[in-house]
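# Tertiary structure, described
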Amino acid sequence: MARIAVVGAGIAGLSCARSLRNAGHAVRVFEKSRGAGGRMSTRRTDHGSYDHGAQYFTVRDPSFRAAVDQWLAQDLVAPYAGRIVRLQQGEALPLSHSEQRYVATPGMNAVCRGLSAELEVEFECQITAVTPGESGWRLSWEEGGESGFDAVVLAIPPAQAAPLCAAVPDLAAQVRQGGHAPCWAAMVRYDAPLPLEFDAAFVEDEVIGWVMRDASRPGRAPGERWVLHANAEWSKAHLENSAETVAPLLIDAFRAEAGFDAEAVETRAHRWRFALSAGLKAGSFWDAGRRIGVCGDWCADGRIEGAYLSGTELAAKLLSAF
Ligand SMILES: Cc1cc2nc3c(=O)[nH]c(=O)nc-3n(C[C@H](O)[C@H](O)[C@H](O)COP(=O)(O)OP(=O)(O)OC[C@H]3O[C@@H](n4cnc5c(N)ncnc54)[C@H](O)[C@@H]3O)c2cc1C
C-alpha cells in the first residue's frame, strides 16, 4: 500500500483519488477551499444557489458514460431539458448542433461531494511547496507540512502546478505548456420571471458569452436567478477590475441582448482567473522515476469529462508503477 497525496479536490483530483483508494492505497487529498468542487462550485445565498462556474457537461467517452450512469442512479446528476438558444443581435436562434447535456443536482458541486465522501480530504489547506526528501515527498502548507508520501498528484491548474513541481524540471516544462483563459461570472436575481423564450443562451456579444437561468435545472430552488459569463476576451481585458464594477456591465449587456427592462434585485460577481482551457489533449503527465504527476482539464480537452478522465488516466499510471 502506497501513501499518495493528491493536491486539488476538483473533479480531476477526486476521480484520481477515488481510483487509487479503490485499489487499496492510502490517499490524502489537500484542498485550499472550504469544500470540494473547484470550478464545479455552487454559491449559496438566502434566495437560492448559483452554479457560477461550469453549468453543465456532456458525455462522449464510454468510461465517462459508465460513471455518469452511476451518478444518474444515485440522483447526483440529471439530464438538462431547458431551452437553449443562440442569441445574436437580440434574436434567439436555434442551435445548429444539439447533444444531451447533464447537470449535477442539487448543485454542480454534488458530483465532487459524492466523490469525496469516503476520502480523507484536508480542506482549507493550500499546498505551498512539494519537495523531495529521504523519506519520500514532503508537502508544505502555511502552518506546517507532512513528509513520507510515496507519490504526489497535482490536480490543479498549470499556473498553480508549475511552482509545486519545480523540483522535477522536465515535468514543470510540460506543465508550463498548459493554460487557461479567465472568465468573469455575474450572479443576478430578478423579482419576477423575465419575459424570455429561453432558459440558456450562447451569446454573440462583445461582453457576455453565455447566460443560464439557474432554476431551469432540476433540483434547484424556484426563483429568477441567472448566471452570466463574460466572454474570454472581455474577461481578460477587465481581469483586474473590481467585482462591483464588473457586475453592472454584464447585467446591462444581458438586458440589451435579450431585450427586457427588468432591474436586478441582487447581484454579485466572481472572477475565475483560470476558467477555460483548450486542453493539451495529452491526458495526464507522470514522471515514473520521481513518482509525481499532474492531471486536470487542461491536460485533456478543457471540459468536465476531460478532467474526470485525466484523473482516472493518471491513477492508472500510478497503479502500474506500484
Ligand atoms: C465559468 C466556467 C464555465 C465552465 N463551463 C463548462 C461547461 O459548460 N462544461 C464543461 O464541461 N466544463 C465547463 N467548465 C470547465 C470545468 O469546470 C472544468 O473543466 C473542470 O471543473 C476542471 O476540473 P479540475 O479538477 O481539472 O480543476 P478545478 O475544478 O479547478 O480543481 C482544482 C482544485 O484545486 C484547488 N487548488 C488549487 N491550488 C491548490 C493548492 N496549492 N493547494 C490545494 N488546493 C489547490 C482549487 O481550489 C480547486 O478546487 C467551466 C469552467 C468555468 C470556470
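Attention here is on the structure that accompanies the text. Note that the structure is a prediction, hence the values are computed from the model and not measured. (Residues numbered from 1 in each chain as written. Predicted model: local features only at pLDDT ≥ 70, side-chain atom pairs only at ≥ 80, totals over all residues. Heavy atoms only, no water.)

As a further point, take the packing of aromatic side chains. Tallied over the full model, the rule gives 14 aromatic pairs. Here Y56 and W210 contribute two aromatic rings whose centre-to-centre distance is 5.6 Å and whose plane-to-plane angle is 55°, an arrangement assigned as tilted. Of this pair, Y56 sits in the loop between β4 (48-50) and α2 (62-73) while W210 sits in strand β16 (residues 208-213), and the two are 154 residues apart along the sequence. Given the relative accessible area of 22%, Y56 is considered partly exposed. Look at W210 and you get buried, because its relative accessible area is 8%. For the pair F285 and W298, a centre-to-centre distance of 6.3 Å together with 25° between the ring planes defines the contact as stacked. You can see F285 sitting in strand β19 (residues 285-287) and its partner W298 sitting in the loop between β20 (292-294) and α8 (304-321), a full 13 residues away along the chain. Put simply, the rings of F57, F64, W71, Y102 and Y308 pair up and form one aromatic cluster. The residue whose ring lies beneath R3 is F149, and the NZ or CZ to ring-centre distance is 4.5 Å. (Phe/Tyr/Trp six-rings, centres within 6.5 Å; stacked < 30°, edge-to-face > 60°. Helix = DSSP H or I, 4+ residues; strand = E, 2+ residues; numbered from the N terminus. Buried < 20%, exposed > 50% of the residue type's maximum accessible area, 1.4 Å probe, protein only. Lys NZ or Arg CZ within 6 Å of the ring centre and 35° of its normal.)

With omega at 0°, the peptide bond leading from T105 into P106 counts as cis. Along the chain, P106 turns up in the loop between β8 (102-104) and α3 (110-116). Here D75, not a glycine, exhibits a phi torsion of approximately 60°, which is positive. Considering the arrangement of structural elements, one finds D75 in the loop between α2 and β5 (77-79). Non-glycine residue K281 carries a positive phi angle of around 55°. Tracing the backbone shows K281 in the loop between β18 (266-276) and β19. Of the residues examined, K281 reaches a relative accessible area of 61% and is grouped as exposed.

Two elements in contact, helix α1 (residues 11-22) and α8, have axes whose closest approach is 7 Å; the angle formed by their N-to-C orientations is 35°. The chirality of how α1 crosses α8 is right-handed. On the side of α1, the interface is formed by I11, A12, S15, C16, S19 and L20, while α8 contributes I304, A307, Y308, G311, T312, L314, A315, L318 and L319. (Axes fitted to C-alpha atoms, helices over the stretch in contact; angles between N-to-C directions. Left-handed = near helix turned anticlockwise from the far one by under 90°. Contact = heavy atoms within 4.5 Å.)

To continue, consider the sheet that holds strand β14 (residues 181-190). A sheet is described by the order of its strands in space; here 7 strands give the open sequence β7-β6-β15-β16-β17-β14-β18, paired in mixed fashion. Both outer strands of the open sheet, β7 (91-93) and β18, are each paired with one neighbouring strand and no more. Each adjacent strand pair in this sheet contributes to an overall mean axis angle of 25°, direction not counted. Relative to β16, strand β15 (residues 200-204) is paired through 3 bridges, and the arrangement is antiparallel. Bridge pairing in β16 places A200 opposite M212. Most of the contacts of helix α7 (residues 243-258) go to β14, to which it runs at about 70°, and overall it touches β6 (84-88), β14, β15, β16, β17 (224-230) and β18. (Pairing = 2+ DSSP bridges.)

Let's shift gears to the pairing of strand β11 (residues 136-141). Sheet topology places strand β10 (residues 127-133) next to β11; 6 bridges connect them, and they run antiparallel. Bridge pairing links T131 to R138 in β11. Linkage of β10 to β11, two consecutive antiparallel strands, is achieved through a turn of 2 residues. Here 4 bridges tie β11 to strand β12 (residues 144-149), and the two strands are oriented antiparallel to one another. Within β12, the residue paired with W137 across the bridge is F149. Taking the residues between adjacent antiparallel strands as the criterion, β11 and β12 are bridged by 2 residues.

The environment of the ligand is formed by 35 residues, the closest being E31, R39, Y56, D297 and I304. Here a nitrogen atom of the ligand and a backbone polar atom of Y56 are 2.8 Å apart. In this structure, an oxygen atom belonging to the ligand sits 2.9 Å away from a side-chain N or O atom of D297. Protein chains bury 93% of the 1,000 Å² of accessible surface belonging to the ligand in isolation. For the shell around the ligand, the elements supplying multiple residues, two or more each, are α1, β18 and α8. (Near = heavy atom within 4 Å. Polar contact = N/O pair within 3.5 Å; in protein donor to acceptor, adjacent residues only side chain to side chain. Areas by Shrake-Rupley, 256 points an atom, 1.4 Å probe, with all protein chains shown as cover.)

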